[in-house]
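Topology and contacts: notes
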Amino acid sequence: SVVIFIFIMKTLTAYPPIRLLATRNMPAPALTAVRLSCTLAHVGEFGFVLAARGSSLGVLSRHVYLLLIGVNSVSLCLTPWMFWVLNYVLSDEAVPLGAARGARRRP
């Protein structure tokens, strides 16, 4: 439940600035902002470094440190599947996946 909470909060926090930066030249700026905010929502490897440093400085208790390490590990393991679900749920017609990579679509 902590992983889901962090994912939702980071997605909601990242969406407004990304939506403002999305240009009107994009086929679907809102959909692009949703994709990018979901992509940025996972907890990265730097979370391990921050948790270890906070624990060594005495800022984090042992319980909070272990919770952060667990959340970070689960987040890293679920990220590939989250990308797959995101591509499955969001329409590929509005923003073709190949268009982001510069690939050409076959007729």
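Each remark here, short or long, concerns the structure printed above.
Here we summarise the structure given alongside this text. Since this is a predicted model, take the numbers as computed values, not measurements. (Residues numbered from 1 in each chain as written. Predicted model: local features only at pLDDT ≥ 70, side-chain atom pairs only at ≥ 80, totals over all residues. Heavy atoms only, no water.)

Quick look at the packing of aromatic side chains
Summed over the entire model, instances satisfying the criterion amount to one aromatic pair. Ring geometry for tryptophan 84 versus tyrosine 88: centroids 5.7 Å apart, planes at 10°, classification stacked. Highlighted residues: tryptophan 84 and tyrosine 88, both in helix α4 (residues 62-89), separated by four residues, approximately one helical turn. Look at tryptophan 84 and you get exposed, because its relative accessible area is 56%. The class of tyrosine 88 is exposed, set by a relative accessible area of 65%. (Phe/Tyr/Trp six-rings, centres within 6.5 Å; stacked < 30°, edge-to-face > 60°. Helix = DSSP H or I, 4+ residues; strand = E, 2+ residues; numbered from the N terminus. Buried < 20%, exposed > 50% of the residue type's maximum accessible area, 1.4 Å probe, protein only.)

A few points about the packing of helix α2 (residues 29-40) against α4
Packing of α2 against α4 leaves a shortest axis separation of 10 Å and a crossing angle of 170°. As summarised for this structure, α2 and α4 are arranged roughly antiparallel, according to the angle between their axes. The handedness of the crossing between α2 and α4 is right-handed. Along the contact surface, α2 presents Arg35, Cys38 and Thr39, while α4 presents Met82, Phe83, Leu86 and Asn87. Across the contact of α2 with α4, the residue classes break down as four nonpolar, two polar and one charged. (Axes fitted to C-alpha atoms, helices over the stretch in contact; angles between N-to-C directions. Parallel < 35°, antiparallel > 145°, perpendicular 65-115°, else oblique. Left-handed = near helix turned anticlockwise from the far one by under 90°. Contact = heavy atoms within 4.5 Å. Nonpolar A, V, L, I, M, F, W, Y, C, P; charged D, E, K, R; others polar.)

What about the packing of helix α3 (residues 46-56) against α4?
Where α3 meets α4, the closest approach of the two axes is 10 Å, and the angle between their N-to-C directions is 175°. The pairing of α3 with α4 is recorded here as roughly antiparallel in orientation. Taken together, the residues of α4 that come into contact with α3 (itself represented by Gly47, Phe48, Ala51, Ala52 and Ser55) are Tyr65, Leu68, Ile69, Asn72, Ser73 and Leu76.

Things to note about α2
For α2, which comprises twelve residues, the first-to-last C-alpha distance of 16 Å matches the rise-based estimate of 16 Å (1.5 Å per residue) to within 8%. Of the residues making up α2, those classed as buried are Pro29, Leu31, Thr32, Ala33, Arg35, Ser37 and Cys38. (Expected span 1.5 Å × (residues − 1).)

Some details on the environment of isoleucine 69
As for its position among the elements, isoleucine 69 is in helix α4. Overall, the relative accessible area of 21% leaves isoleucine 69 in the partly exposed class. Note: C-alpha distance between isoleucine 69 and glycine 47 (22 residues apart in sequence) is 7.8 Å. Once residues within four sequence positions are removed from consideration, isoleucine 69 is found in contact with Phe48 and Ala51.

The quantities given are spatial measurements derived from coordinates; they are silent on function.
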